[in-house]
Amino acid sequence: MSDWLPYGRHEIDEDDIQAVVEVLRSEFLTQGPKVPEFEREVAGFCRAAHGVAVSSCTAALHLALKAMGVGHGDRVWTSPITFVASANAARYCGAKPDFVDIDPATANMSCDALHAKLEVAERVGTLPKVVIPVHFAGQSCEMHRIRALADRYGFRILEDAAHALGGDYLGKKIGSCQWSDATTHSFHPVKIITTGEGGMVTTNDGELAWKIGVLRSHGITRDAERMVGISHGDWYYQQVEFGYHYRMTELQAALGISQMKKLASFATRRRELAACYDEALADFPLRPLARDENGTSGWHLYVVRVDIDRCRRTRREVFDHLRADNICAHVHYIPVHLQPDYARLGFVEGMFPEAERYYQECLTLPLFPGMNERDINRVVSSLKNALFAK
Ligand SMILES: *Cc1c(COP(=O)(O)O)cnc(C)c1O
């Protein structure tokens, strides 16, 4: 039996281990110099003015919405083809989540569907306060079009780039916030770089960055200029917002700094492996996601659609075949609106038909920088048996 091949895996080397060990021997395990250094690394890479590190991308989404003033009665729209965290963040703020159907070619939020939904919402007075485009699988949404709609309808844009660090769009790094108010990143082990758990918000809005920084640590500031009245002395701090405990540790930040050194090589390797799949699967009855010429994907995921008319196999059959061969194919994602906890909010099947059709067909193949050509061949030959065997 061949080894278990996961769909994604972190890449940790001796330098990463040394970086964490050094922190363990140092003065600070949390709230020291490594966190701001990591923030500068990521923000600098993305060419954004500010980075604010937090405990996860979920926390980053929550705090970014909170800092944008999202609260009870507000509406936040995202894609149904995302991890549940993108939509849950709205609910943490007491806001109402809603979804915009996908473009079936890319599985990203459809700008046409967004425009149509905004027109209706304007008429009936249900415009969103924030829209969260998710750069699915690492490929950017059409940000210049979403920006134009934001200017026309007056919503703010929070990009969910959990899949997309290292990708670019119209000559800008994803995370640059060229077309948005802020972008969130994830450093979970399956994502592009890892800190074990961790997340960050990048933004060019200094006030937003300040607010997120305060909210991640109980809403407390030690900056006298931000206080109400005057400081009582050097011990003094004030809670100026109602915040949370969402901080990143020094251990995590040190790992993140070390991982950032390898981001470019990870990205290259992911692109090369994706190109191997492209070539090997060209004659298979599978449809990879369409590529937008305006950008380069961060290649978090390699997704194909199993078209039942052409394959005469269901996605389930192909998936089970791969799993029987110890290949951990996956499905990204179950449409969020179909989750039982979202049904409770009134969402039902049929509301976002492209997302639902996509869910019947989508299959994620293993892709991570530590894979080699032999691993790719294993996946391809298992797929071949699944699709072509009598
Ligand atoms: C992983 C992921 C998140 C959540 O990231 P965490 O760091 O695990 O909180 C949010 N959105 C998307 C699209 C993701 O893939």
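Structure: see above.
First things first, this report covers the structure right here in the doc. (Residues numbered from 1 in each chain as written. Predicted model: local features only at pLDDT ≥ 70, side-chain atom pairs only at ≥ 80, totals over all residues. Heavy atoms only, no water.)

## A look at the site of the ligand
Put simply, the test is: Neighbouring residues are identified by heavy atoms, a residue being near a molecule or strand if any of them is within 4 Å of it. We call two N or O atoms a polar contact when they sit within 3.5 Å, provided that within protein one can donate a hydrogen and the other can accept it, with sequence-adjacent residues counted only if both atoms are side-chain atoms. Points on a 1 Å grid, built from protein atoms alone, make a cavity when a 1.4 Å probe fits but cannot get out and make a pocket when they are open with protein on both sides within 12 Å along at least 5 of 7 lines; residues with an atom within 4 Å of a point are the lining residues. Pocket occupancy is defined atom-wise: a molecule lies in a cavity or pocket when more than half of its atoms are within 2 Å of its grid points. Strands are runs of DSSP state E lasting at least 2 residues, helices are runs of H or I lasting at least 4, and numbering of each runs from the N terminus. Under this grouping Gly is polar, as are all residues other than the nonpolar Ala, Val, Leu, Ile, Met, Phe, Trp, Tyr, Cys and Pro and the charged Asp, Glu, Lys and Arg.
Surveying the vicinity of the ligand reveals 15 residues, the closest of which are Thr58, Asp160, His163, Ser186 and Lys191. Within the side chain of aspartate 160, an N or O atom sits 2.7 Å from a nitrogen atom of the ligand. The contact in question runs from an oxygen atom of the ligand to an N or O atom on the side chain of serine 186, over 2.8 Å. The cavity that encloses the ligand is the second largest pocket. Contributions of two or more residues to the shell around the ligand are made by α3 (57-67) and α4 (84-92). Per-class residue counts for the shell around the ligand are 6 nonpolar, 7 polar and 2 charged.

## Here's the deal with the layout of surface pockets
Gaps left between atoms show up when a probe the size of a water molecule is rolled over them. Defined as follows: Grid points are joined across faces, edges and corners, and a volume is the space filled by probe spheres set on the points.
Of the pockets and cavities examined, the largest pocket occupies roughly 440 Å³. What lines the largest pocket is a set of 18 residues, among which Gln31, Gly213, Arg216, Ser217 and Arg247 lie closest to the centre. At the level of secondary structure, the elements contributing two or more residues to the lining of the largest pocket comprise α2 (34-46), α7 (206-215) and β10 (220-221). Counting residues per element, the lining of the largest pocket draws most heavily on α7, which supplies 3 residues. Residues of the lining of the largest pocket, tallied by class, amount to 8 nonpolar, 6 polar and 4 charged.

## A closer look at the packing of helix α9 (residues 263-280) against helix α14 (residues 373-388)
Which entries qualify depends on this criterion: Orientation is described by axes fitted as lines to C-alpha atoms, over the contacting stretch for helices, and by angles from 0 to 180 degrees between their N-to-C directions. The crossing is said to be left-handed when, going from far helix to near helix, the turn is anticlockwise and less than a right angle, and right-handed when the turn is clockwise. In this analysis, two residues are considered to be in contact whenever any of their non-hydrogen atoms come within 4.5 Å of each other.
α14 packs onto α9 with a crossing angle of 35° between their chain directions and a minimal axis gap of 11 Å. Seen along the crossing, α9 lies across α14 with a hand that is right-handed. Of the residues in α14, those touching α9 at Arg269, Leu273, Cys276, Tyr277 and Ala280 are Glu373, Ile376, Val379 and Val380. For the contact of α9 with α14, the residue count by class is 7 nonpolar, no polar and 2 charged.

## Here's the deal with empty space enclosed by the protein
Scanning all chains against the criterion turns up 4 cavities of 30 Å³ or more. Estimates place the volume of the largest cavity at around 120 Å³. Taken together, 13 residues make up the lining of the largest cavity; nearest its centre are Ala137, Gln139, Leu289, Arg291 and Trp299. Considering only residue class, the lining of the largest cavity consists of 9 nonpolar, 3 polar and 1 charged. Around the second largest cavity, the lining comprises 13 residues; the ones closest to its centre are Glu159, Tyr169, Lys173, Ile174 and Trp179. When its residues are assigned to classes, the lining of the second largest cavity shows 5 nonpolar, 5 polar and 3 charged.

## Here we look at the nonpolar core
The nonpolar side chains of a soluble globular protein tend to be buried with one another. Quick note on the threshold: Nonpolar cores are built from buried Ala, Val, Leu, Ile, Met, Phe, Trp, Tyr and Cys residues. Side-chain atoms within 4.5 Å join them into one set. A 1.4 Å probe rolled over the protein chains alone gives each residue an accessible area, and that area as a share of the maximum for its type sets the label: buried under 20%, exposed over 50%, partly exposed in between.
Grouped together as the largest cluster of nonpolar side chains are 29 residues, with contacts concentrated most on Leu65, Val76, Val130, Leu158 and Ile212. Elements represented by at least two residues in this core include exactly β1 (50-54), α3, α4, β4 (130-132) and α7. Per-element accounting of this core gives the leading share, 8 residues, to α3. Among all residues touching leucine 65, those that are not within four sequence positions of it are Val70, Val76, Ala89, Ala90, Cys93, Val130, Ile132 and Leu158. In this structure, Leu286, Leu322, Leu365 and Ile376 belong to the second largest nonpolar core, which totals 28 residues.

## Let's talk about the sheet that holds strand β3 (residues 96-99)
Rules: A pair of strands is considered paired only if DSSP assigns at least 2 bridges between the two.
Here 7 strands make up an open sheet; going across it, the order is β1-β9-β8-β5-β4-β2-β3 and the pairing mixed. Every interior strand has two partners, whereas the edge strands, β1 and β3, have only one. With strand direction ignored, the average angle separating the axes of adjacent strands in the sheet is 20°. Packing of helix α5 (residues 111-124) onto the sheet brings it into contact with β2 (75-78), β3 and β4, and relative to β2 it is tilted by some 160°.

## Side note on the side chain of threonine 194
Note on placement: threonine 194 falls in the loop between β8 (182-186) and β9 (199-203). Only 3.0 Å separates the side chain of threonine 194 from the backbone nitrogen of glycine 196, close enough to count as a polar contact. Among all residues touching threonine 194, those that are not within four sequence positions of it are His10, Ile12, Phe187, His188, Pro189, Leu255, Gly256 and Gln259.

## Examining the packing of aromatic side chains
Operational definition: In this analysis, rings of Phe, Tyr and Trp, with Trp reduced to its six-membered ring, are considered paired at centre separations within 6.5 Å, and the interplanar angle assigns stacked below 30 degrees, edge-to-face beyond 60, and tilted for intermediate values. A ring is considered to have a charge above it if a Lys NZ or an Arg CZ atom is located within 6 Å of its centre and within 35 degrees of its normal.
With the rule as written, the count across this model stands at 14 aromatic pairs. Between phenylalanine 99 and phenylalanine 352 the ring centres are 5.9 Å apart and the planes differ by 75°, which places this aromatic pair in the edge-to-face class. With a gap of 253 residues between them, phenylalanine 99 in strand β3 and phenylalanine 352 in the loop between α12 (340-343) and α13 (353-361) connect regions that are remote in the sequence. Seen from the ring of tryptophan 77, lysine 117 lies directly overhead, with NZ or CZ sitting 5.2 Å from the centre. The side chain of arginine 152 reaches across the aromatic face of tyrosine 153, ending 4.3 Å from its centre.

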